[in-house]
Amino acid sequence: MYRVVTPQTEAELEAYYQLRWLLLRKPWQQPRGSERDEFDEYAHHRMMVDNNGNLVAVGRLYVSGDEAQIRFMAVVPDCRDHGLGTRMVQALEQVARQQGVRRLVMNAREEAVAFYGRCGFTVVGEGPISFGKIPHRQMIKALTSIHQIRHCPELCDELQRQWHRRIPISEKMGVRIIQYTGSRFKTKANLTANLNMHESMFAGSIYSQCVLTGWGLIWMQMQEFGLSGDIVQGSGDIKYLTPVWDEPTAEVQGRLREQLMPLQSGERVRIELNVTLYSGEQKAASFTGRYVILPH
């Protein structure tokens, strides 16, 4: 099992830079120090460690306005072909989205172009030639603005503000709304902020994200239909199907107009929703939430 962390101490930073040099500079007879540049002080650094704390991968993100560059990506040879590179790219991309970045850029060595293509990057031209002999291809990935994939983006923003203000755990978990279509509502959470001792997502965090996702669908449709009331959870059941190792996404669907309309006449409403939480693309948990809406 592996986890992505941020180097914090001087020792961790030294190990991080040492691996950058060993994998990206030493094979080309470059001296120590060549693995660093003037942007390191202002960049976001990430490294991946195994259960024993051994460093197995590194990566860096430098943000400039609404654009960010991924650089110094490397995985130790013995740990390649295990999806670690993909996880590192996802971790850096998540940081970029949190920083409001609209586009990722990078210069990939020829042998890495196919890998980054699978991560969603597109070749746009020739890149630099390192050390006078290693050609690169310039690649970019557009990060779709969350407003472009959400129905009623103003309401989505308002709901997220309310969550962070009135339910502080939602902000600590990194829960954010990524889609609302009028009937489908999806959220994501920050995996690294919700890890348990096994380095997978904490069961309580899975439950909380599912509860918030169902709650969010009800709130959004109440706003659209001009209804008001207090949403509370009556009860909930969850089945944990598999550990969550990848970015957790929770999804719920439903058109609730008919169920919600009794609020207009001051009646209490009860709604049952089924929420699915995914680890990457794998179904990881199934939640049934029973909510009660109390009319104002």
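Calculation criteria
- Residues numbered from 1 in each chain as written.
- Predicted model: local features only at pLDDT ≥ 70, side-chain atom pairs only at ≥ 80, totals over all residues.
- Heavy atoms only, no water.
- Pairing = 2+ DSSP bridges.
- Helix = DSSP H or I, 4+ residues; strand = E, 2+ residues; numbered from the N terminus.
- Axes fitted to C-alpha atoms, helices over the stretch in contact; angles between N-to-C directions.
- Expected span 1.5 Å × (residues − 1).
- Buried < 20%, exposed > 50% of the residue type's maximum accessible area, 1.4 Å probe, protein only.
- Disulfide = S-S within 2.5 Å.

The name given to the protein chain in an unreviewed UniProt entry is Bifunctional GNAT family N-acetyltransferase/hotdog fold thioesterase, with Oceanisphaera sediminis as the source organism.

(A) Representation of the sheet that holds strand 7 (residues 134-142) within the structure. As summarised here, the arrangement of the seven strands in space is 1-2-3-4-5-7-6, forming an open sheet in which the pairing is mixed. Of all the strands in the sheet, just strand 1 (2-5) and strand 6 (122-130) have a single pairing partner and so form its edges. When strand polarity is set aside, the average angle formed by the axes of neighbouring strands in this sheet is 25°.

(B) Representation of helix 2 (residues 84-98) in the model. Under the 1.5 Å per step criterion, the end-to-end length of helix 2 is 21 Å for 15 residues, consistent within 8% with the ideal 21 Å. Residues of helix 2 that are buried include every one of Leu84, Gly85, Met88, Val89, Ala91, Leu92, Glu93, Gln94, Val95 and Ala96, and no others. The positive-phi residue at the C-terminal boundary of helix 2 is Gly100, with phi of around 80°.

(C) Just the state of the cysteines, in detail. One pass over the full model with this rule turns up zero disulfides. There is no disulfide at Cys79, and the cysteine sulfur nearest it, in Cys119, is 17 Å away. Judged by its relative accessible area of 12%, Cys119 falls in the buried class.

(D) Representation of the pairing of strand 3 (residues 55-64) in the model. Both strand 2 (residues 44-50) and strand 3 contribute to a ladder of six bridges, which runs antiparallel. Opposite Met47, over in strand 3, you have Val58 as the bridge partner. In sequence, strand 2 turns back onto strand 3 through a hairpin of four residues, with Gly53 there showing a positive phi of about 85°. Here strand 3 runs beside strand 4 (residues 67-75); their pairing, made up of seven bridges, is antiparallel. Counterpart to Val58 in the pairing with strand 4 is Ala74. Between strand 3 and strand 4, which pair antiparallel one after the other, the connecting turn spans two residues, and Gly65 there sits at a positive phi close to 65°.

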